[in-house]
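What follows is the residue order along each chain.
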Amino acid sequence: MADSIPPELWSHIFDLAADEDTIFYPGLPTSMTQSAWARSLITDWQLRTPQDTINMVQRRGYATKKSIISTCRSWRRLGLEFLVRYLFFNDPSRLHSLAALLISNPTLGWWTRRLHITHFRVHYESGLPLDEFETALTSVLLQTPNLEIFVVDWPLSRAFGPIADTLGTHCKNLRTAQWHVPSELLPKVIWALDALPLLVSLAVEFDVPLKEADTLTLGSAQDVKLDLPNLQQLTLRGYSAEFIDQASGWNIPLLRSFSFDYGSKTEDIPDVIRFLGAHGTSLLFLDLNCIPALDIRTILDLCPLLTAFSFNLDWKVPPSTLDNNGDDNDTDTRAVALTNRPHEHIAHIGLHGLLFAFGVGLASAYATHDPLRALPVQFTNDVNFSALISSQKASFPRLERVRVLNQTVLTDLERADGPQGTGMERWERWAGMCEAVGVRLEDCTGALLGTLPQKYEDEEQEEEEESLEDDEYYYTDEEVEVEPPRPGGVGLAELRALLEECRKMSEEREDPPFGFQF
């Protein structure tokens, strides 16, 4: 039966069964990408982040492909290319066996398009030593010339230098990169970008420098005018001040999405406004998550085409000349404006901060003992939200939805079974304001804010997800060289079942959940 069907048809069927479109999408998750509720063994519910979701998709896809190649010899021969199309690890020690296999069979690495290493620890006392990890990973990269997506979630430390050199020399087709590097290696990041002109999406997290920031030197990378003609999405986390300063002078003509996450740091804020002055006119998505307040009115003037904008609702926005109305008294009670003029394109707004807004979690316990700190933040939240949802949406006439992005806030709301105290009054007031002007007020799952998870999940789905989390689906030489295929050919029942599964998945297929989708 397997030999009577053309290999091209089998390849198409296997491609549908693996359902891998989402993980090959070049865009990276943003703050507006929806999270999801999932059952937990520790608590009743926990939030599954977009990164957790894509990791689960990779595990599920690998399980499907592993079943395909175990069915018969014909499917094994045809399905091997799908097995290595992406490589997903949470144990870097497996890189040794993978490198040896790719070296012994170079044609396998030709098919690899995605390499993702997540949640690992590399140190000298236990696990894989950093030098061995560097050697193994560079060996794998040398055998994957068509790699398009390279994601490493954990710090690469000093190993980033040789890895970046290998990427720039042997992985010229790279479209998406996500790195976590020391700030001292910024020159290596710049030269790596210079060697990867096809990059479409880039996410970099910089660790806090071990030395004083003023002592960091870029050497020959200082003031390099990079030309990144294809870069559309840029995400920066951590100590990114020097990177932003350099990038303000680069040529990034297609930049459409910029995300800036400064974490809990309050000093040495990067010059984001200078960066937006150079690149803001083409942006469609802008996400600014930092504690120090930025000049939101100037920022929105610099980005006239934005359709989605996220900022910290805890920022204290100073009154503009339009707010004063000739009265200089009682400044704190005066409404403020978030824009100098109506922004004609923003339809989606995301809100960071809000830990004190709904009377739940550790912030609520802290506010009980120190109300003088919490009350000004809550007042600022109310003033900014009123300016956001003003009468007839004067500042944002096309506004459709406002989304609370802080996952900690939503987790605390679930554990407390909803807002508490004055937080309930604030939630009701905000929900009423949004309903009055036709704006949807959402949480980070895309549901209406205040909608807590219910026990509606199917038990079969829970068992499937638990089995996917318990098993490890990784491509190793043992699975290809040792595991024997099932005897005999493919039966009609198996083929019908596979085709039915493909048909169902094709009907349920949605648009890619990452990138600029809301």
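Our subject is the structure that appears above.
The sections below set out a description of the structure shown in this document. Residue positions are given per chain, counted from 1 along the sequence in the order it is written. Owing to the predicted nature of the model, reporting of local features is limited to residues with pLDDT of at least 70; listing and counting of side-chain atom pairs is limited to 80 or more, with chain, interface and lining totals taken over all residues. Calculated side-chain values reflect all of the structure's heavy atoms, with hydrogen atoms and water omitted.

**A short note on the overall build of the chain**
So, step 1. Where helices and strands are cited, they refer to DSSP runs of H or I of at least four residues and of E of at least two residues respectively, numbered from the N terminus. In terms of regular secondary structure, the chain is built from 19 helices and 14 strands.
So, step 2. Residue pairs at least 24 apart in sequence account for 77% of intrachain contacts in the chain once pairs closer than 6 positions are excluded.
So, step 3. Counting only carbon and sulfur atoms, one obtains 51% of the accessible surface of the chain, whose full area is about 23,900 Å². When checking whether two residues touch, look at their non-hydrogen atoms; a contact exists if any pair is within 4.5 Å. Exposure was quantified through the Shrake-Rupley algorithm and a 1.4 Å probe, taking into account, for residues, occlusion by the shown protein chains and nothing else.

**A word on unusual backbone geometry**
Of all residues except glycine, most have a negative phi; of all peptide bonds, most are trans.
So, step 1. Even without being a glycine, serine 157 presents a positive backbone phi close to 55°.
So, step 2. Secondary-structure assignment places serine 157 in the loop between β5 (149-152) and α7 (160-170).

**Notes on the side chain of lysine 65**
So, step 1. Inspection of the secondary structure puts lysine 65 in helix α2 (residues 50-69).
So, step 2. Those residues in contact with lysine 65, other than ones at most four positions away along the chain, are Ala18, Glu20, Phe82, Leu83 and Tyr86.

**What to know about the environment of methionine 32**
So, step 1. Along the chain, methionine 32 turns up in the loop between α1 (7-18) and β1 (36-39).
So, step 2. The buried label applies to any residue whose accessible area, calculated with a 1.4 Å probe on protein chains only, is under 20% of its type's maximum; exposed applies above 50%, and partly exposed to all values in between. Methionine 32 gets classed as buried once you look at its relative accessible area, which sits at 1%.
So, step 3. Put simply, methionine 32 and histidine 348 are 316 residues apart on the chain and 9.0 Å apart in space, counted from C-alpha to C-alpha.

**Quick word on the pattern of salt bridges**
So, step 1. Salt bridge, as used here: a side-chain nitrogen of Lys or Arg that lies within 4 Å of a carboxyl oxygen of Asp or Glu. In total, this model carries 10 salt bridges according to the counting rule given.
So, step 2. Across the salt bridge formed by lysine 188 and aspartate 165, the nearest N and O atoms sit 3.5 Å from each other. Remark: aspartate 165 occurs in helix α7 and lysine 188 occurs in helix α8 (residues 186-194); sequence separation between them is 23 residues.
So, step 3. Assessed through its relative accessible area of 32%, lysine 188 is described here as partly exposed.

**Some thoughts on the layout of surface pockets**
So, step 1. Taken as a whole, the second largest pocket holds about 1,500 Å³ of empty space.
So, step 2. Put simply, the grid is 1 Å and covers the protein atoms alone, a cavity is a trapped set of points that fit a 1.4 Å probe, a pocket is an open set with protein on both sides within 12 Å along at least five of seven lines, and lining residues have an atom within 4 Å of a point. As for the second largest pocket, its lining consists of 48 residues, and the residues nearest its centre are Asp261, Asn289, His352, Leu405 and Asn406.
So, step 3. Looking at the lining of the second largest pocket, the elements with two or more residues in it are α2, β6 (176-181), β7 (201-206), β8 (233-238), β9 (257-261), β10 (285-289) and α14 (371-388).
So, step 4. Take the lining of the second largest pocket: its biggest share by element is four residues, from α14.
So, step 5. The class makeup of the residues in the lining of the second largest pocket is 19 nonpolar, 20 polar and nine charged. Grid points are joined across faces, edges and corners, and a volume is the space filled by probe spheres set on the points. Throughout, the ten residues Ala, Val, Leu, Ile, Met, Phe, Trp, Tyr, Cys and Pro are labelled nonpolar, Asp, Glu, Lys and Arg are labelled charged, and all others, Gly among them, are labelled polar.

**What about the sheet that holds strand β13 (residues 401-404)?**
Pairing between the strands of a sheet comes from backbone hydrogen bonds, and it takes one of two forms, parallel or antiparallel.
So, step 1. Reading across the sheet, the 12 strands line up as β3-β4-β5-β6-β7-β8-β9-β10-β11-β12-β13-β14 and stay open at both edges, with parallel pairing between neighbours. Where the open sheet ends on each side, the last strands, each with one partner, are β3 (86-89) and β14 (440-442). Averaged over neighbouring strand pairs, the angle between their axes works out to 10° when direction is ignored.
So, step 2. Between N-to-C directions, angles cover 0 to 180 degrees, with each direction set by a line fitted to C-alpha atoms, over the stretch in contact for helices. Sheet strands in contact with α8 are β6 and β7, and its direction is about 170° off that of β6.
So, step 3. Here α14 sits on the sheet and contacts β12 (348-352), β13 and β14; the angle it forms with β12, its principal contact strand, is near 175°. For two strands to be treated as a pair, DSSP must find at least two bridges joining them.

**Observations regarding the nonpolar core**
Nonpolar side chains tend toward joint burial in soluble globular proteins.
So, step 1. If you look at the biggest cluster of nonpolar residues, it comprises 104 residues, and the most contacted ones within it are Phe150, Trp179 and Phe258.
So, step 2. Those residues within four positions of tryptophan 179 in sequence are excluded, and the remaining contacts are Phe150, Val152, Phe160, Leu167, Val189, Ala192, Leu193, Leu196, Leu202, Ala203, Val204 and Glu205. Side-chain atoms within 4.5 Å link the members of a nonpolar core, which is a set of buried Ala, Val, Leu, Ile, Met, Phe, Trp, Tyr and Cys residues.

**Comments concerning the side chain of histidine 343**
So, step 1. Relative to the helices and strands, histidine 343 resides in the loop between α12 (321-324) and β12.
So, step 2. Apart from the residues within four sequence positions on either side, histidine 343 is in contact with Leu300, Cys303, Pro304, Leu305, Leu306, Ser395, Phe396 and Pro397.

**Digging into the packing of aromatic side chains**
Working definition: an aromatic ring pair is given by the centre-to-centre distance plus the angle between the planes.
So, step 1. The rule is short: rings of Phe, Tyr and Trp, with Trp giving its six-membered ring, pair when the centres are within 6.5 Å, and they are stacked under 30 degrees, edge-to-face over 60, tilted in between. Tallied over the full model, the rule gives 11 aromatic pairs.
So, step 2. Between phenylalanine 258 and phenylalanine 275 the ring centres are 4.5 Å apart and the planes differ by 35°, which places this aromatic pair in the tilted class. Residue phenylalanine 258 is located in strand β9, and its partner phenylalanine 275 is located in helix α10 (residues 272-279); the two are separated by 17 residues in the primary sequence. Both residues of the pair, phenylalanine 258 and phenylalanine 275, belong to the buried class.

**So, the pairing of β9**
So, step 1. Of all the five residues making up β9, four are buried; the element is thus mostly covered by neighbouring parts of the structure.
So, step 2. Direction of pairing for β8 relative to β9: parallel, over a ladder of five bridges. Note on β9: the bridge partner recorded for leucine 234 is phenylalanine 258.
So, step 3. For the crossover from β8 across helix α9 (residues 241-247) to β9, the handedness is right-handed. Look down the strands so they point away from you; if going from the first strand over the helix to the second traces a clockwise path, that crossover is right-handed.

**Here we look at the packing of α2 against helix α3 (residues 73-83)**
So, step 1. Two elements in contact, α2 and α3, have axes whose closest approach is 8 Å; the angle formed by their N-to-C orientations is 160°. With respect to α3, the axis of α2 lies roughly antiparallel. As α2 packs across α3, the resulting crossing turns out to be left-handed. Note on element contacts: α3 touches α2 through Trp75, Arg76, Gly79, Leu80, Phe82 and Leu83, opposite Tyr62, Lys65, Lys66, Ile68 and Ile69.
So, step 2. Looking at the contact of α2 with α3 residue by residue, the classes come out as seven nonpolar, one polar and three charged. Orientation is classified from the angle alone, with under 35 degrees giving roughly parallel, over 145 giving roughly antiparallel, 65 to 115 giving roughly perpendicular, and any other angle giving oblique. In a left-handed crossing the near helix is turned counterclockwise from the far helix by less than a right angle, and in a right-handed crossing that turn is clockwise.

**Quick look at the pairing of β5**
So, step 1. Side chains Ile149 and Val151 project from β5 onto one buried face, and the interleaved Phe150 and Val152 project onto a second face that is buried too.
So, step 2. One ladder, built from four bridges, connects strand β4 (residues 114-117) with β5; its direction is parallel. Bridging across to β5, arginine 114 finds its partner in isoleucine 149.
So, step 3. Here three bridges tie β5 to β6, and the two strands are oriented parallel to one another. Note that in β6 the partner of valine 151 across the bridge is glutamine 178.
So, step 4. Traced from β5 through α7 to β6, the parallel crossover comes out right-handed.

**With respect to the environment of isoleucine 190**
So, step 1. Structurally, isoleucine 190 is set in helix α8.
So, step 2. Take isoleucine 190: its relative accessible area is 1%, and that puts it in the buried class.
So, step 3. Sequence-wise, isoleucine 190 and alanine 247 are 57 residues apart; in three dimensions their C-alpha atoms are separated by 9.4 Å.
So, step 4. Ignoring any residue separated from it by four or fewer positions in sequence, one finds isoleucine 190 in contact with Leu218, Ala221, Val224, Leu226, Gln246 and Trp250.

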